Amino acid sequence: MIALHTSLNSPHLFIPGKPAGPAQAFILGLRGSTGFATFIYLYLAEAAECAVYVSGKRNASFEEYLSEEAEALAFVESMGFMMDNSNWRSMAQATQEELLHTLPVFFRDPRQVPAVQKRVEEKRNAAATLGRFLAAF
């Protein structure tokens, strides 16, 4: 990976076929054996769903990649996202590892994101507590 941009805010989005809600945006720049590619990942945290936008150019030159990255940033900013360049390549390896294990963009299944699992567990605990409380009457 050569670049990671993350949203600083979570505007309310409607993505066709998905429930509307607050979203996070991620833009990834990847370098493969034949060139560069840009991906946009939109994460709907409340629904634990995502949408991925892939550039038509997967084997872009570095100059084409820079143009694609600028277009991706303009696209997500037009939806209301404020983006931050994480400076992935200059990040300490430990920080990179932590992000790989916590950010939704790096999970195959958005329902497996630690924050989602924590929220599900909290709902279960709240329901169990309410059940015990009501059973006391």
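Residues numbered from 1 in each chain as written. Predicted model: local features only at pLDDT ≥ 70, side-chain atom pairs only at ≥ 80, totals over all residues. Heavy atoms only, no water.

You'll find the chain entered in an unreviewed UniProt entry as Social motility and stimulation Tgl protein, with Stigmatella aurantiaca given as the organism.

> Explain unusual backbone geometry to me, using residue names and the numbers behind them.
Its identity is not glycine, yet A48 carries a phi of approximately 55°, on the positive side. One can find A48 in the loop between strand 4 (35-44) and strand 5 (49-54). Given the relative accessible area of 10%, A48 is considered buried. The backbone of N87 shows a phi angle near 55°, a positive value even though the residue is not glycine. Following the sequence through the fold, N87 ends up in the loop between strand 6 (83-85) and helix 2 (93-100). (Helix = DSSP H or I, 4+ residues; strand = E, 2+ residues; numbered from the N terminus. Buried < 20%, exposed > 50% of the residue type's maximum accessible area, 1.4 Å probe, protein only.)

> I'd like to hear about the environment of Y65, residue by residue, with values.
Note that Y65 resides in helix 1 (residues 62-78). Distance in space between the C-alpha atoms of Y65 and G35 is 8.6 Å, their sequence separation being 30 residues. With near-sequence residues (within four places) excluded, Y65 lies in contact with I2, A3, G29, F36, A37, T38 and A60. (Contact = heavy atoms within 4.5 Å.)

> How would you sum up the side chain of Q96? Please name residues and give values.
Secondary-structure assignment places Q96 in helix 2. Given the relative accessible area of 16%, Q96 is considered buried. A distance of 2.6 Å separates a polar side-chain atom of Q96 from the backbone oxygen of W88. Excluding its chain neighbours within four sequence positions, the residues that come into contact with Q96 are W88, R89 and M91. (Polar contact = N/O pair within 3.5 Å; in protein donor to acceptor, adjacent residues only side chain to side chain.)

> Can you break down the packing of aromatic side chains residue by residue, with the values?
As enumerated under the stated definition, the model contains 6 aromatic pairs in all. Centroid distance F36 to F62: 5.4 Å. Interplanar angle 65°. Geometry classified as edge-to-face. Separated by 26 residues along the polypeptide, F36 in strand 4 and F62 in helix 1 bring together distant segments of the chain. Ring geometry for W88 and F106: centres 6.1 Å apart, planes at 35°, overall tilted. With a gap of 18 residues between them, W88 in the loop between strand 6 and helix 2 and F106 in the loop between helix 2 and helix 3 (114-135) connect regions that are remote in the sequence. According to the relative accessible area criterion, F106 is partly exposed, its value standing at 23%. Among the aromatic residues, those joined into a ring-pair cluster are F36, F62 and Y65. (Phe/Tyr/Trp six-rings, centres within 6.5 Å; stacked < 30°, edge-to-face > 60°.)

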